[in-house]
Amino acid sequence: MDGSIKKILITEEEIKEAEEKAGKILSTEYREKPLLLISLLKGAFIFLADICRYIDVPCRIDFMETKSYFGGTESSGSVEIIKDVRHDISKYHVVIVEDIIDTGRTLNEVIRMLKKRKPLSVKVVTLLDKPARRTVKLNADLSLFTIPDLFVVGYGMDYDGYYRNLPYIAELDL
Ligand code: IMP
Ligand code: MG
């Protein structure tokens, strides 16, 4: 396994505190609305599991996994859905739950694909935002932490499939 942990950037306690605040904001916003949380696998599985327990209004949960092919061409079709949601999203206000927005290209395509299915609305909540690396115009509606241009792991996020199980977010020494 290459790479080692350089330092802890965000502790478990800091994550919990931010999730509690975000959960309150979402609960207020979606109080009278049919809410569907869509977690983007695999990186966001822990964030979804934790933040949903700070949401105190009825909501449904679904999962989606994509594969990106950002090479030479950046036309549509650069993101393939390898696991799709099971819900008919036209009946719901969708909140996409994401681990980290880096270039923004994956999420940009996911939003484009989901909007074609005419959901009542689509918003994004992200655990981390790395705005320095953005290549498309895209902002999360709710972002828990903004980080500099570092490669991070833990709390669902991986390096070569490892480190997802760390309870905190750490910088990786590559
Ligand atoms: P984007 O399309 O460049 O915004 O990248 C999206 C995905 O790449 C994220 O949802 C993560 O799953 C992954 N990713 C981006 N930066 C990092 C990082 O620093 N650590 C781990 N995964 C990352
Ligand atoms: Mg992700």
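Because the structure is predicted, anything quoted here is derived from the model rather than measured.

1. A short note on helix α3 (residues 105-115)
Here is step 1: For α3, every residue scored as buried is listed here: R105, L107, E109, V110, I111, M113 and L114.
Here is step 2: The inward-facing, buried residues of α3 abut β2 (35-41), β3 (59-68), β4 (79-83), β5 (93-101) and β6 (121-129).

2. Overview of the site of ligand 1
Here is step 1: Near ligand 1 lie 13 residues; those nearest to it are D99, T103, G104, T106 and V152.
Here is step 2: Between T103 and ligand 1, the recorded distance is 2.5 Å, taken from a side-chain N or O atom to an oxygen atom.
Here is step 3: The contact in question runs from an oxygen atom of ligand 1 to an N or O atom on the backbone of G104, over 2.7 Å.
Here is step 4: Protein burial of ligand 1: of its 490 Å² of free accessible surface, 81% is covered by the chains.
Here is step 5: Of all the secondary structure elements, the ones that give two or more residues to the shell around ligand 1 are β5 and α3.
Here is step 6: No other element matches the 3 residues that β5 contributes to the shell around ligand 1.

3. Some words on the nonpolar core
Here is step 1: Counting 30 residues, the largest nonpolar core has L127, L128 and I169 as the members making the most contacts within it.
Here is step 2: Listing elements by their share of this core, those giving two or more residues are α1 (12-29), β2, α2 (45-51), β5, β6 and β7 (142-146).
Here is step 3: Core analysis: the next-biggest nonpolar cluster, separate from the first, contains 19 residues, L40, I101, I111 and L138 among them.

Criteria and thresholds
Residues numbered from 1 in each chain as written. Chains lettered and ligands numbered in written order. Predicted model: local features only at pLDDT ≥ 70, side-chain atom pairs only at ≥ 80, totals over all residues. Heavy atoms only, no water. Buried < 20%, exposed > 50% of the residue type's maximum accessible area, 1.4 Å probe, protein only. Helix = DSSP H or I, 4+ residues; strand = E, 2+ residues; numbered from the N terminus. Contact = heavy atoms within 4.5 Å. Near = heavy atom within 4 Å. Polar contact = N/O pair within 3.5 Å; in protein donor to acceptor, adjacent residues only side chain to side chain. Areas by Shrake-Rupley, 256 points an atom, 1.4 Å probe, with all protein chains shown as cover. Core = buried A, V, L, I, M, F, W, Y, C linked by side-chain atoms within 4.5 Å.

By themselves, these are just geometric observations and shouldn't be taken as functional.
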